[in-house]
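Architecture at a glance
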Amino acid sequence: MLACGQKAFAAGAIETLMDIFIQQLVNGITLGAVYAVVALGYTMVYGIIQLINFAHGELVMIGAMVAFTLIGVLTPLGVPALPAVLVATLCAMTACALLGYAMERLAYRPLRRAPRLAPLISAIGVSIILQHLALLVWSRNPLAFPQIVKTESFALAGATITNIQIGIIVISVAMMLGLAWLVYRTRLGIAMRATSQNAQMAALLGVDANQVIALTFIIGAALAAVAGVMVGSYYGIAHYTMGSALGLKAFCAAVLGGIGNIPGAMLGGVLLGLVEALGAGYIGDFTDNVFGSNYQDVFAFMVLILVLVFRPSGLLGERVGDRA
Amino acid sequence: MKRSVVLHHANLCTLAAVGVLTLAGCGEDPKPAPPPPPPSIEIKIGHVAPLTGGIAHLGKDNENGARMALEEANAANIKIDGKDARFVMLAEDDQADPKVGTTVAQKLIDAKVAGVVGHLNSGTTIPASSVYNGANIPMISGSATNPQLTEQGFKGVFRVMGRDDQQGPAIASYLAANSKPKLVAIIDDATAYGEGLANEVEKYFKGANIRVLPREKGDDKRSDWKAVLTKIKGRNPDAVFYGGMDATGGPLLKQARELNIKAVFSFGDGGCSDKMIELAGTAAEGMLCSQAGLPPAAASKKFLDAYKARFKVDPILYSPFTYDAMQALIAAMKGANSADPAKYLPVMQKLEFNGATGHIAFDEKGDRKDAEMSIFQVKEGKLEPIAIIKNGQTVSFADFMAQANPAPAAAPAAADATQAAQPAKAAPAPDAAKK
Amino acid sequence: MVLVALALLALPFALAGAGTTWVRVTNLAILFILLSLGLNIVVGFAGLLDLGYIAFYAVGAYVYALLASPHFGIHWPFWVILPLGALVAALFGALLGAPTLKLRGDYLAIVTLGFGEIVRIFLNNLGSPVNITNGPRGIARIDAIRIGELSFARTDSFLGLDFSGPIKYYFLLLAMLVAVIFINLRLQNSRIGRAWEAVREDEIAARAMGIDTTRIKLLAFAMGASFAGVAGGMFAAIQGFISPESFVLVESVMVLSMVVLGGMGNIWGVILGALLLSFVPELLRYTVQPLQQYFFGRMLIDPEVIRMLIFGFALVLVMSFRPGGLWPSAVRKRELAARSEDPA
């Protein structure tokens, strides 16, 4: 049986195997770039107030929905494709930033000194609220995200890559670099890092902790909006439940890289994307199809668990002695 | 503590009672009240589908279909047992969650419904069916396809949708005969529906000595199919079948074409919707899909128009089936001249009529008898029926229409509507509605 | 005390008057109380955040379904399967606990979350190549519980009262609940309970005091899991059909919400949380629609959406006004008081 299979491969030429591998890498990196951008939001918020913002995925969804609506309004007015997407993205960022601020102000700030799990439950509540508000506004239907930028495929070492994939990777990298610059090179960044290390001490030194935390939420939310537009245009679909699954994966990515650590979120995202793509692509072949792509998520979680067992604070995380 | 608990529940009873009363009193849009003098009876019929969660849009569509049939029956002034029958629908949300499904089933039983249309998913329909069975209340699903549902041996369980093991072979045989694939890839969404259908398709291909690649799976929330598709591309199959819904199938097809996969793509009824074309865009061109029953274009254009007029949206997927399910229940009650399950159940078992999805009759298990299957293809961005399959015979759609002209639904149905009770061929409501 | 007992005994008949639905809702609520009390051991007592708790419930349910259904043609009696389910679930608990002992806080949370998903994915996919769980199609026709000639699927009359299936299950569940509460109360003030508390408050100090933290944490996972295993078995028996979609992440989150909303670490608070989150959505199901009709004359917003919105707002509001939960444990109360005196 096995010999027969190998024969079939040999007939299909060896380059194809390599082509397929490169294609899987391209798939994985694109997916990973999306995870990374969403993971940044989780990690920033966690880094500064040790809160898993379960509602972060919903911000991605709202971002996609707002952009969906605006593109739908602008395109019939004769606005060309690129400016329309740009305007829509900016508006989505603004809307999400406002929402992120409101979320922090109303749901999380009152809980700053509460036991650790209280804000977590609050976050779950916010996530339920946002999803159902979105249901009211944008209906229950999966919406076809307008494909106004025409998809074009390019050949890359035997694999195909579309202009949208290139766009996603470039924009993600740019946003990560921008964020890294902000956190490590600006006054705001210094204030953020100071607050995350010791909020009390930072306050004594004149840092307005509330303002810094609010800004963190706003930046994270704006990034989520961009991620929403990217996901919407890449897959061509927007739905009011789209945020939760993506949010969960991005959260895993953030933890994998070491939560609270910005380069960690990027590394975790790309790694998770690659693990998923290669897992779906090759587990079947390596296990003689006893396990197939149906175990893709098992594979991803196993990698996550193994990494954490050997490096309990994630790949780039620092050892922290916190309590649950 | 004790007193407060008891009081709490006492309040609860009154609340519940008020709820049901109010619901019954003004559940419908304000319409001119029926003339008061003749004695009337109120017949409650339950409808259950998920109205929140990932497939809430399908649930609402199901509800709309059933509601339309019910409203048409009300407009037709049906008399049961000499009284004006007023049908009231109690619409419930099962959240596609099996445990909510049984709770809601019990709620409907408590509200003394005469019958139930629902549920949507097999996963909620099966546990709910045993609750209905315990209370001897008939239920008829418009969309549950899992064979297990009617294999439980419950007397009052029906469905108007074809089973997985009817639909799977239909699309597979069409694909085998027309595309003549040598190698087929099958993907499913790891749900009861998707996997069940995919298994039946695979069984057919294997029986026909066509090679099938090891199964690939995603899940019902997946939007990224690139990894799985890339793997399939490496094996170079001639045809691909996906068992799953449009919300995941659309992105799947779009990404397949982005990866330059040239194979013929085919889907079951979950991917046989306008939404599918909208989501896949130009990639949808040429795809094949199957639906249980006759295409609405052949069975009842009237249904499509009436639905659009009533709800201001197009039907999405299963509403013609829940429409027929509701019709079947009402027709059986009318035929038996009673809303008592014990009386109308035997009528239901022998019921025959032409509904929005074709000829409807049930076998002894409660499955739809010789259900027709339709094959569609996307041509110039539209789903066009291309073939009808019945009892393993494939007829092209043009030939089918030529044979069946004039349209099967309209003429006999209108004639029947005037005759009040006729168990063997009870009249469907839609045509009676305008009288 | 006697009055409470009498009230609880009379409750199902009063509820059945309002509709058997309420008996069923109460039964599900008791199942969730069992689950919450189990999770409370892990999260509340030992302070280990577990986001994959529903996996143990799934294990219990599948053990019951596989050993008492036509799927394998095995029909064992419930008094063998339920303890077995508890045992298997406890084993899974230890299995999860072992590699995660070094992890703390949110890292532990994500690993447990992953574990929960892994269990569900396996259940969903073990329908092939060898059919063990029947995959997503689930297992149907699971046996109802029967004690000798007394089947829980039938209605029997006794002393002039109608004992329907749900009412029989109510009494069985009530008996289990009493036992579980008793065990919990004993545990809390036992050597083990104090050891858990010590680990929760300061692991390093606890180890210094001579507590075998590894064993004590594993014990928490295993004990918590065993409760879920029993609850899962009961769920399978009551439902008669189970499939993997009943054991998704949202369910874990729901149970955790019950524990935290009620008051982590306090048994009575946890029970309150589970009762509220089980009943309030059902109550809303009955009230939202008529109220809307009354105030606006027509349906403006679908009742299901309002139900979910109210649920979401309730979580946020309760947490902002009572961050320790509705009925916090004494320790938490002290902590909260201490924190508010010390404005950081």
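Criteria and thresholds
- Residues numbered from 1 in each chain as written.
- Chains lettered and ligands numbered in written order.
- Predicted model: local features only at pLDDT ≥ 70, side-chain atom pairs only at ≥ 80, totals over all residues.
- Heavy atoms only, no water.
- Helix = DSSP H or I, 4+ residues; strand = E, 2+ residues; numbered from the N terminus.
- Rg over C-alpha atoms; globule rule 2.2 N^0.38 Å.
- Buried < 20%, exposed > 50% of the residue type's maximum accessible area, 1.4 Å probe, protein only.
- Areas by Shrake-Rupley, 256 points an atom, 1.4 Å probe, with all protein chains shown as cover.
- Lys, Arg positive; Asp, Glu negative; His and termini not counted.
- Charge placed at Lys NZ, Arg CZ, Asp CG, Glu CD.
- Pairing = 2+ DSSP bridges.
- Salt bridge = Lys/Arg side-chain N within 4 Å of Asp/Glu carboxyl O.
- Contact = heavy atoms within 4.5 Å.
- Buried area = accessible area lost by both parts, 1.4 Å probe.
- Nonpolar A, V, L, I, M, F, W, Y, C, P; charged D, E, K, R; others polar.
- Disulfide = S-S within 2.5 Å.
- Axes fitted to C-alpha atoms, helices over the stretch in contact; angles between N-to-C directions.
- Parallel < 35°, antiparallel > 145°, perpendicular 65-115°, else oblique.
- Left-handed = near helix turned anticlockwise from the far one by under 90°.

So, on to the overall build of chain C. Secondary structure summary: chain C contains 13 helices and six strands in total. Taking 20 Å as the expected radius of gyration for a compact globule of 344 residues, we find that chain C reaches 21 Å, a close match to that expectation. For chain C, the C-alpha atoms occupy an extent of roughly 60 × 55 × 45 Å along the three principal directions. Looking at chain C as a whole, 61% of its 344 residues qualify as buried. Total accessible area on chain C stands at roughly 13,600 Å², and carbon and sulfur atoms take up 69% of it. In chain C, 24 side chains carry a positive charge and 20 a negative one; their mean positions are 3 Å apart.

Here we take up the overall build of chain B. Scanning chain B for helices and strands turns up 17 helices and 17 strands. Each of the 435 residues in chain B was classed as buried or not, and the buried ones make up 62%. Counting only carbon and sulfur atoms, one obtains 56% of the accessible surface of chain B, whose full area is about 15,700 Å².

Residue and element names in this part refer to chain B. Of all eleven residues in strand 3 (residues 83–93), eight are buried; the element is thus mostly enclosed. The sheet contact formed by strand 1 (residues 40–49) and strand 3 spans ten bridges and is parallel. Note on strand 3: the bridge partner recorded for Gly46 is Leu90. Taken together, the two bridges between strand 2 (residues 79–80) and strand 3 define a ladder with antiparallel strand orientation. Each residue of the ladder has a partner; that of Lys79, found in strand 3, is Asp84.

Inspection of the entire model under this criterion finds 37 salt bridges over all chains. Between Arg109 of chain A and Glu104 of chain A there is a salt bridge, with its nearest N and O atoms 3.2 Å apart. Given a relative accessible area of 0%, Glu104 of chain A falls into the buried group. Taken together, the salt bridges that share partners define one network made up of Asp188, Glu195, Glu202, Lys206, Arg215 and Lys217 of chain B together with Arg137 of chain C.

Before going further, it helps to spend a moment on the interface of chain C and chain A. As a measure of interface size, the accessible area lost when the parts come together is often cited. With 52 residues of chain C in contact, the opposing surface of chain A contributes 52 residues. Of the roughly 4,500 Å² buried at the junction of chain C and chain A (both faces included), carbon and sulfur atoms supply 74%. Of all residues in chain C, Asp106, Tyr107 and Ile110 of chain C bury the most surface against chain A, accounting for 16% of the area lost on that side. Where chain C packs against chain A, one counts zero salt bridges. Put simply, the parts of the chain that give the side of chain C that touches chain A at least two residues each are helix 5 (105–125), helix 7 (191–201), helix 10 (249–262), helix 12 (303–321) and helix 13 (330–341) of chain C. If one sorts the elements of the side of chain C that touches chain A by residue count, helix 5 of chain C sits on top with 13 residues. A breakdown of the residues in the side of chain C that touches chain A according to their chemical character gives 33 nonpolar, eight polar and eleven charged.

Moving on: the interface of chain A and chain B. Listed by partner, the interface residues are 36 residues for chain A and 34 residues for chain B. Between chain A and chain B, roughly 2,900 Å² of surface is buried when both sides are summed, and carbon and sulfur atoms account for 54% of that area. A per-residue breakdown of the area chain A buries against chain B is headed by Arg140, Pro142 and Tyr235 of chain A, which together make up 21% of the total. Between Arg235 of chain B and Asp285 of chain A there is a salt bridge whose closest N-O contact spans 2.7 Å. For the side of chain A that touches chain B, the secondary structure elements donating two or more residues are helix 2 (14–49), strand 1 (143–144), strand 3 (159–162), helix 9 (209–235), helix 11 (262–286) and helix 12 (296–310) of chain A.

Once that is clear, we can look at the state of the cysteines. Applying the stated criterion across every chain yields a total of one disulfide over all chains. One disulfide bridge connects Cys272 of chain B with Cys289 of chain B, the sulfur atoms lying 2.1 Å from each other. Negative torsions about the S-S bond denote left-handed disulfides, and the value of about 60° found for Cys272 of chain B with Cys289 of chain B makes this one right-handed. Of this pair, Cys272 of chain B sits in the loop between strand 11 (264–267) and helix 10 (274–280) while Cys289 of chain B sits in strand 12 (residues 288–292), placing them 17 residues apart in sequence. The class for Cys272 of chain B is buried, based on a relative accessible area of 1%. Cysteine Cys91 of chain A is unpaired, with the sulfur of Cys96 of chain A as its nearest cysteine sulfur at 11 Å. Classification of Cys96 of chain A by relative accessible area gives buried; the value is 0%.

The next subject is the pairing of strand 17 (residues 393–396) of chain B. Residues and elements named next belong to chain B. Across four bridges, strand 16 (residues 382–390) lies against strand 17 in antiparallel orientation. Looking at strand 17, one finds that Lys390 is bridged to Gln393. From the end of strand 16 to the start of strand 17, which pair antiparallel, there are two residues, and Asn391 there has a positive phi angle of about 50°.

Residue and element names in this part refer to chain B. Along the polypeptide, Ser338 turns up in the loop between helix 13 (319–336) and helix 14 (341–350). Relative accessible area serves as the criterion here: at 10%, Ser338 is assigned to the buried category. Apart from the residues within four sequence positions on either side, Ser338 is in contact with Ile80, Met333, Lys343 and Tyr344.

Residues and elements named next belong to chain C. Two elements in contact, helix 3 (residues 54–67) and helix 9 (residues 213–239), have axes whose closest approach is 6 Å; the angle formed by their N-to-C orientations is 45°. As judged from the angle between their axes, helix 3 and helix 9 are oblique. Taken as a pair, helix 3 and helix 9 cross one another with a handedness that is right-handed. Contact residues: Phe56, Tyr57, Gly60, Ala61 and Tyr64 in helix 3; Ala225, Ala228, Gly229, Ala231, Gly232, Gly233, Phe235, Ala236 and Ala237 in helix 9. Residue classes in the contact of helix 3 with helix 9 are distributed as ten nonpolar, four polar and no charged.

Residues and elements named next belong to chain B. Here six strands make up an open sheet; going across it, the order is 2-3-1-4-5-6 and the pairing mixed. Edge positions in the sheet fall to strand 2 and strand 6 (157–159), since each has one partner strand and no second. Sheet analysis places strand 4 (residues 115–118) next to strand 5 (residues 139–141), joined by two bridges and oriented parallel. If you follow Val117 over to strand 5, its bridge partner there is Ile140.

The quantities given are spatial measurements derived from coordinates; they are silent on function.
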